[in-house]
Amino acid sequence: MTSTFPDISLSTERLVLRPYDEADIPELVEMMNDELVTAWTGVPWPYTEATARAFVTGAGPAERRSGRGLVLAVTEMLTQRLVGTVQLQNTDWRIRGTEIGYLTASWARGEGYAGESVLAVVRWLFASQGFERVELRTAADNTASQQVAQKIGCISEGVLRNAGIIRSRPHDDPQGPWAETRTDLLVWSLLPEDIDDADEAAARAGAYGSGYGSGYGDDYGTDHDGGHRGHAGYSTAAHRR
């Protein structure tokens, strides 16, 4: 019998993480049509309302039902605005390990939302779901995503050479066509003891509380498959950039 994640919502001091619903579609379309999202993930471009609806009503929920992973919308607690996505994928229930990816809306970058939301999911996985390993992958040139991984205490494990695909436009034509190129992927991981160590270090450095915000350097953390390649960035996963 296939194991599956529960249909849950999580909250932090500033954020609510919950399943997507159809009311999120307009904000999802806006978020996914950002050029950096297009570059660092494998999502369709342009990202249409039909694409978003298929993800929200079909591919996203199917990830959870199949046991492969979980897709969560990240919203501000006070405004309820959509600020990003966190996605689990390639889950191995026997070893209790999964891969995590994330992305942040352009208007919300620099506020530490990526790190805050990823840590919320990771802590839940370790404390409530009995997981022993969370992996993420970042494109070699995606320094923003690498900063997130470092800030939340991830351990660098090595390089997957030429294992990902990213998109770019000609330097002399910023409005030109997107072209796919291959890239190395950096592999990072978190174990339960890493979270404990990171919490202790953050407490000593005063990284939480009112200063939680801008310390995580946002953003694209992974790429999720779920029907759309790379619904969470390039911090992890599938079509890696």
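Our subject is the structure that appears above.
Here's what I pulled together on the structure shown here.

Conventions and cut-offs
- Residues numbered from 1 in each chain as written.
- Predicted model: local features only at pLDDT ≥ 70, side-chain atom pairs only at ≥ 80, totals over all residues.
- Heavy atoms only, no water.
- Helix = DSSP H or I, 4+ residues; strand = E, 2+ residues; numbered from the N terminus.
- Buried < 20%, exposed > 50% of the residue type's maximum accessible area, 1.4 Å probe, protein only.
- Lys, Arg positive; Asp, Glu negative; His and termini not counted.
- Salt bridge = Lys/Arg side-chain N within 4 Å of Asp/Glu carboxyl O.
- Polar contact = N/O pair within 3.5 Å; in protein donor to acceptor, adjacent residues only side chain to side chain.
- Contact = heavy atoms within 4.5 Å.
- Arc of directions from axis to C-beta.

Section: the side chain of E76
Part 1 of the reasoning: As for its position among the elements, E76 is in strand β3 (residues 70-76).
Part 2 of the reasoning: One buried charge, E76, has no salt-bridge partner; the nearest side chain with opposite charge is R81, at 5.4 Å.
Part 3 of the reasoning: Looking at E76, its side chain comes within polar contact range of the side chain of T79, at 2.5 Å.
Part 4 of the reasoning: Contact partners of E76, with chain neighbours within four places excluded, come to R14, L15, R81, V83, W107 and Y113.

Brief notes about helix α1 (residues 25-32)
Part 1 of the reasoning: Considered for burial, the residues of α1 that qualify are I25, L28, V29, M31 and M32. Along the long axis of α1, the arc covered by the buried residues comes to 165 degrees, so they all point the same way. Away from its buried face by more than 90 degrees, α1 exposes P26 and E30.

Things to note about the environment of V16
Part 1 of the reasoning: Inspection of the secondary structure puts V16 in strand β2 (residues 15-18).
Part 2 of the reasoning: Each C-alpha atom of the pair V16 and L82 lies 9.6 Å from the other, and the pair is 66 residues apart in sequence.
Part 3 of the reasoning: The contact partners of V16, leaving out residues within four places of it in the chain, are L10, S11, A73, V74, T75 and M77.

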